[in-house]
Amino acid sequence: MIQLHSRWTNRKLPAPKKSELRRLAHKAALAAGLPVEPEWDLNLLFVNDKSMAVYNSELVGHEGTTDVITFSYFDDCDGYEAGDTMIELIINPDAAVREGARREGGYAREMVLYLVHGLLHSAGEDDLSPVPRRRMRRRERECLAILEKEFDFDAVFPAAPADNA
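Remember, predicted model here, so these are calculated numbers, not experimental data. (Residues numbered from 1 in each chain as written. Predicted model: local features only at pLDDT ≥ 70, side-chain atom pairs only at ≥ 80, totals over all residues. Heavy atoms only, no water.)

Draft legend 1. Looking closely at the nonpolar core. With 45 residues, the main nonpolar core has Trp40, Leu42, Leu119 and Phe157 as its most contacted residues. By residue number, the principal contributor to this core is helix H4 (residues 106-122), which donates 10 residues. Ranked by size, the runner-up nonpolar core spans 5 residues in total, among them Val47, Met52, Ile69 and Ile90. (Core = buried A, V, L, I, M, F, W, Y, C linked by side-chain atoms within 4.5 Å. Buried < 20%, exposed > 50% of the residue type's maximum accessible area, 1.4 Å probe, protein only. Helix = DSSP H or I, 4+ residues; strand = E, 2+ residues; numbered from the N terminus.)

Draft legend 2. Representation of the packing of aromatic side chains within the structure. Under the defined criterion, the tally for this structure stands at 4 aromatic pairs. Relative to Phe46, the ring of Trp8 lies with its centre 4.8 Å away and its plane at 35°, an arrangement referred to as tilted. Taken as a pair, Trp8 in strand E1 (residues 3-8) and Phe46 in strand E2 (residues 41-46) lie far apart in primary sequence, 38 residues in all. By relative accessible area, which is 1% here, Phe46 ends up buried. Grouping aromatic residues by their ring pairs yields a cluster made of Trp8, Phe46 and Phe157. (Phe/Tyr/Trp six-rings, centres within 6.5 Å; stacked < 30°, edge-to-face > 60°.)

Draft legend 3. Spatial organisation of the pairing of E1. Where burial is concerned, the two faces of E1 differ: the one with Leu4, Ser6 and Trp8 is buried and the one with Gln3, His5 and Arg7 is not. Pairing geometry for E1 and E2, over 6 bridges, is parallel. Within E2, the position partnered with Trp8 by the bridge is Phe46. (Pairing = 2+ DSSP bridges.)

Draft legend 4. Quick peek at the sheet that holds strand E4 (residues 85-91). Reading across the sheet, the 4 strands line up as E1-E2-E4-E3 and stay open at both edges, with mixed pairing between neighbours. On the outer flanks of this sheet lie E1 and strand E3 (68-72), each paired with one strand and no other. Looking at each pair of strands side by side, their axes are set apart by 10° on average, direction ignored. Each of E1, E2, E3 and E4 touches H4; the most contacted strand, E4, lies at about 145° to it. (Axes fitted to C-alpha atoms, helices over the stretch in contact; angles between N-to-C directions. Contact = heavy atoms within 4.5 Å.)

Draft legend 5. Highlighting the side chain of Asp127. Relative to the elements of secondary structure, Asp127 occurs in the loop between H4 and helix H5 (130-148). At a separation of 3.2 Å, a polar atom in the side chain of Asp127 contacts the side chain of His117. Each residue touching Asp127, except ones within four places of it in the same chain, is listed here: His117, His121, Arg133, Met136 and Arg137. (Polar contact = N/O pair within 3.5 Å; in protein donor to acceptor, adjacent residues only side chain to side chain.)

Draft legend 6. Geometry of the pattern of salt bridges. One pass over the full model with this rule turns up 15 salt bridges. If you follow the salt bridges from partner to partner, you end up with Glu125, Arg135, Arg138, Arg139 and Glu142 in one network. (Salt bridge = Lys/Arg side-chain N within 4 Å of Asp/Glu carboxyl O.)

Draft legend 7. How the structure looks around the pairing of E4. Burial of E4 is extensive: 5 of the 7 residues sit out of reach of the surface. Bridge count between E2 and E4: 6 bridges; the pairing is parallel. When the bridges of E4 are listed, Leu42 appears paired with Ile87. Pairing geometry for E3 and E4, over 5 bridges, is antiparallel. Paired with Ile69 across the bridge in E4 is Ile90.

Draft legend 8. Inspection of the environment of Thr65 at higher detail. Turning to its location among the elements, Thr65 is positioned in the loop between helix H2 (49-60) and E3. In this structure, the C-alpha to C-alpha distance between Thr65 and Val54, residues 11 residues apart in sequence, is 7.9 Å. Not counting the four nearest positions on each side in its chain, Thr65 is found in contact with Asp49, Met52, Ala53, Asn56, Asn92 and Arg98. In terms of polar contacts, Thr65 uses its side chain to reach the side chain of Asp49, at 3.2 Å. At 2.9 Å, the side chain of Thr65 and the side chain of Asn92 are in polar contact.

By themselves, these are just geometric observations and shouldn't be taken as functional.
As structure tokens, this is what we get:
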């Protein structure tokens, strides 16, 4: 089982229920093809646009905000011990609100997509050139289809009431 540590700092949107987020993250890691034994830690930090722009600049060297930043330590080791932090994701719910309004599925599906996207990067997928990008998009669709069978994304990531969104 993956040990999940999450911190929600976005004040505009309600935080997900931790037990459901933990189950979703575990199933998403399995769908992405990541190992689950021995147990490892997944750290999720949910931020706003302003904080994401700072992280993006300071940690990645890119300007502006983005949807998800992935740090995976699977590539940097020959093995790992139980309890090691192996993946850290910084996820931007503000981006999910904007993109979810444009795409089919809405905010909650977009949030799950960002989680899946980060986990797929950690599993070795890449989206920097056309052929790997097509594979990444296909794998995202496959993972989302698996997760949709078990989870109500809107229940995991509830949207803010319309007057606060």
